[in-house]
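Residues per chain are reported as follows:
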Amino acid sequence: MATLSSEDIKIKLLSYPDWEFYDNALHAEFEFDNFKDCFSAMSRIAFECEAQNHHPEWTNTYNILTISLSTHSANGVTEKDFKLLDAIEQIVEVQD
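All of these numbers come straight from a predicted model, not from anything done at the bench.

Caption draft 1: Local environment of helix α2 (residues 35-52). Between its first and last C-alpha, α2 extends 25 Å over 18 residues, near the 26 Å set by a 1.5 Å rise per residue. Of all the residues in α2, the buried ones are Cys-38, Ala-41, Met-42, Ile-45, Cys-49 and Gln-52. When α2 is viewed along its axis, its buried side chains cluster within an angular range of 105 degrees and face the same direction. Of the exposed residues in α2, those oriented more than 90 degrees away from the buried face are Lys-36, Phe-47, Glu-50 and Ala-51. You can read the cap of α2 off the contacts: a side-chain oxygen lies 3.1 Å from the backbone nitrogen of Lys-36, and it is on Asn-34. Just downstream of α2, Asn-53 is the residue with a positive phi angle, here 50 degrees.

Here it is in structure tokens:
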């Protein structure tokens, strides 16, 4: 899978204001009301990751979820990352 150019990534991210592109990956941080809501979103995201066979680097501290997306086999950001990003956005939006 081909990596996207920085310009293409920046254009695509205009639709996703919670996400940034740096260090050759897409990054976002989401804050939830509590740990339970955060963990619930993580569980739903995990099922989507398995379905897409694409897994983020992420961390969780209490009610904060930090996610980094890149396609390691392509050594950069691909359409695969944006497909997962879109699914994550839908999951997180439902939590709001």
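Next comes the rest of the description.
Caption draft 2: Summary view of the pattern of salt bridges. A full pass over the atoms with the stated rule returns 1 salt bridge. For the salt bridge of Glu-79 with Lys-12, the shortest nitrogen-to-oxygen distance reads 3.4 Å. With Glu-79 in helix α3 (residues 79-95) and Lys-12 in helix α1 (residues 6-13), this residue pair connects regions lying 67 residues apart in the sequence. In this structure Lys-12 comes out as partly exposed when scored by relative accessible area, which is 28%.

Caption draft 3: Up close: the sheet that holds strand β3 (residues 57-61). Spatial strand order, β1-β2-β4-β3: 4 strands in an open sheet with antiparallel pairing. Two strands close off the open sheet at either side, each with one partner strand: β1 (19-22) and β3. With strand direction ignored, the average angle separating the axes of adjacent strands in the sheet is 20 degrees. Note that β3 and strand β4 (residues 64-69) share 5 bridges and pair antiparallel. Directly across from Trp-58, in β4, lies its bridge partner Ile-67. The sheet contacts of α1 involve β1 and β2 (25-31), and relative to β1 the element is tilted by about 170 degrees. Sitting on the sheet, α2 is in contact with β3 and β4, with an inclination near 160 degrees to β3.

Parameters and conventions
- Residues numbered from 1 in each chain as written.
- Predicted model: local features only at pLDDT ≥ 70, side-chain atom pairs only at ≥ 80, totals over all residues.
- Heavy atoms only, no water.
- Helix = DSSP H or I, 4+ residues; strand = E, 2+ residues; numbered from the N terminus.
- Expected span 1.5 Å × (residues − 1).
- Buried < 20%, exposed > 50% of the residue type's maximum accessible area, 1.4 Å probe, protein only.
- Arc of directions from axis to C-beta.
- Polar contact = N/O pair within 3.5 Å; in protein donor to acceptor, adjacent residues only side chain to side chain.
- Salt bridge = Lys/Arg side-chain N within 4 Å of Asp/Glu carboxyl O.
- Pairing = 2+ DSSP bridges.
- Axes fitted to C-alpha atoms, helices over the stretch in contact; angles between N-to-C directions.
- Contact = heavy atoms within 4.5 Å.

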